[in-house]
Amino acid sequence: MKGFIYAAVISSAMFSIGSACALNMQPGEWKMENTQMHVVDKASGKVVIDQKNSGVATLVCYTTEMAEDSKKIVKGYSTSANGCTTTFTESSDNKVVNDTVCSLAKTKSNTHVETNKVSDTEFAMTMKMDIDSPEAKLETTQTIKQIFIGKDCSAASKATVTP
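Okay, so let's go over this structure. All values reported here derive from a predicted model rather than from experimental measurement.

A closer look at the environment of Ser 91
As for its placement among the helices and strands, Ser 91 is situated in strand β5 (residues 84–91). On the accessibility criterion, Ser 91 (27% relative accessible area) is partly exposed. Here the alpha-carbon distance between Ser 91 and Thr 115, two residues 24 residues apart in the chain, equals 9.6 Å. In this structure the side chain of Ser 91 is engaged in a polar contact, spanning 3.2 Å, whose partner is the backbone oxygen of Ile 73.

Remarks on the pairing of strand β1 (residues 28–41)
Among the 14 residues in β1, eleven count as buried, and that is most of the element. Both β1 and strand β3 (residues 57–62) contribute to a ladder of six bridges, which runs antiparallel. Pairing of Lys 31 across the sheet is with Leu 59, part of β3. When β1 meets strand β9 (residues 137–150), the two strands line up antiparallel, connected through twelve bridges. Paired with Val 39 across the bridge in β9 is Thr 140. Where β1 meets strand β2 (residues 47–52), five bridges bridge the pair, whose relative direction is antiparallel. Paired with Val 39 across the bridge in β2 is Ile 49. Between β1 and β2, which pair antiparallel in sequence order, lie five residues; one of them, Gly 45, sits at a positive phi of approximately 80 degrees.

About the criteria used
- Residues numbered from 1 in each chain as written.
- Predicted model: local features only at pLDDT ≥ 70, side-chain atom pairs only at ≥ 80, totals over all residues.
- Heavy atoms only, no water.
- Helix = DSSP H or I, 4+ residues; strand = E, 2+ residues; numbered from the N terminus.
- Buried < 20%, exposed > 50% of the residue type's maximum accessible area, 1.4 Å probe, protein only.
- Polar contact = N/O pair within 3.5 Å; in protein donor to acceptor, adjacent residues only side chain to side chain.
- Pairing = 2+ DSSP bridges.

Pasting the structure below:
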C-alpha cells in the first residue's frame, strides 16, 4: 500500500507544480524536496506514513513557456487535464492557493495546495489531499520545499516537462 500512497502523493505534487507558477518563478531547474509527509488511513484511523525530511526530491525543469503561461493564473482561473480540474482561489506575488479535484477510473481525490514565496529562489508548498479509491481511503498532508538550482535544466529535470 505504501507504493500506492507514494505514487498518488508524488503525482499530485507534480500536477501541482503549476501552483507555484503565478509567483513569478524564474525559468530553469528547480528541486522539489519532500520535507514532511503524514498519511492516515481514514477507515482505521491508523497513521500509515509519518516522515520528516525523507530526502525524497524531484528535479523539475521550469521552461520559459511555462513562465509565460503562468501569467494567465489569476484568482478564479480554472484548467482541466487528464480527469483533473484545478481552480486557483488566491493568486498574488507571494502566495498562490489552488484546489484540484480528480476523478480517474474508480479513484477520486481532492487536493488543496498553498504555495508561499520565501525568496526569489525558494518556495514552500503545503498540500492536503483526500484519496478515495478501491485500495484505500487516505488523508495526506505534505510539505515541499522548492529550491532554484540554476538557469540550465539537466536531462533529469527535462524529463519532467510535458509538451
